[in-house]
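Here are the chains, one letter per residue:
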Amino acid sequence: MGATGSCLHQPGSYLPSFVAVSGHEELRAKYRFRKVTGKDHTLLTREQFTDLLGPSPCTEGLFKYVDTDGDGTVSFNEIHKEITAFRSIKSPQAKLQVLYNFYDSDHDGKISRSEVADAMVVACGQALPKTQLEQLVNSTMEVFDADKDGFLNFSEFSTLMWTSGLELR
């Protein structure tokens, strides 16, 4: 039912902050963050985040992923910890787990048909006609939902990604 792979990174589970980000990089990032939020503000709203990155399903998914405390805003610390954690990941399997967690937008440990549809829109970089999107989701689920439970678990998602030619270095 849920993910079958070990979860090496969940939103909110962080590696030490010294991994993969230098002090200079952190200071520059803090400066840029404050430039966007204003010197007296320490949080980015969903709207500010979307304005910075542009409206898209990917932006919405990224916001949900980085908003680890679920308060509807993101702090510098939340962004810093997620970037640090991702940059420190070396194995392709662990990077694949991060992608799985990203696409599992409701964080229930499995990827639903609607989450597959959202992932396809992100991958295509544009909105697809509804009938075409439904056909893609149906054929994807038919081929990769091995246990036919209507969801992709981590193993099934991994098969889909490796079959698609995804390279995670």
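Computed from a prediction, not measured in an experiment: that's the story for all the values here.

## Remarks on the packing of aromatic side chains
Inspection of the entire model under this criterion finds 6 aromatic pairs. Seen from the ring of Phe151, Lys110 lies directly overhead, with NZ or CZ sitting 4.3 Å from the centre.

## Some words on the confidence of the model for the chain
Here the chain averages 80 in pLDDT, and 85% of its residues register 70 or above. Note on residues 1-19: pLDDT is under 50 here. Beyond four places in sequence and across chains, it has 40 contacts.

## A look at the UniProt feature "domain: EF-hand" (unreviewed entry) in the chain
When the UniProt feature table is mapped onto this chain numbering, "domain: EF-hand" (unreviewed entry) sits at residues 62-89, 91-126 and 132-167. Taken end to end, residues 62-89 is 64% helix and 11% strand, and its two terminal C-alpha atoms sit 18 Å from one another. Structurally, residues 132-167 is divided into 64% helix and 0% strand, and its ends, taken at the C-alpha atoms, are 26 Å apart.

Conventions and cut-offs
Residue numbers restart at each chain and count upward from 1, following the sequence in its written direction. In view of the model being predicted, local features appear only for residues whose pLDDT reaches at least 70, and side-chain atom pairs are presented and counted only at 80 or more, with totals across whole chains, interfaces and linings using the full set of residues. Each side-chain value is derived from all of the structure's non-hydrogen atoms; neither hydrogens nor water enter the calculation. Any Phe, Tyr or Trp ring, taking Trp's six-membered ring, that has another such ring centre within 6.5 Å forms a pair; planes under 30 degrees apart are called stacked, those over 60 apart edge-to-face, and the others tilted. We count a charge as sitting over a ring when the NZ of a lysine or the CZ of an arginine lies within 6 Å of the ring centre and within 35 degrees of the ring normal. pLDDT expresses how confident the predictor is about each individual residue, on a scale running from 0 to 100. Contacts were defined at the residue level, with two residues in contact if any of their heavy atoms lie within 4.5 Å. UniProt positions are given in the numbering used here, feature names are shortened, and annotations may be inferred rather than shown by experiment. Secondary structure is summarised from DSSP: a helix means a run of H or I of at least four residues, a strand means a run of E of at least two, and numbering begins at the N terminus for each.

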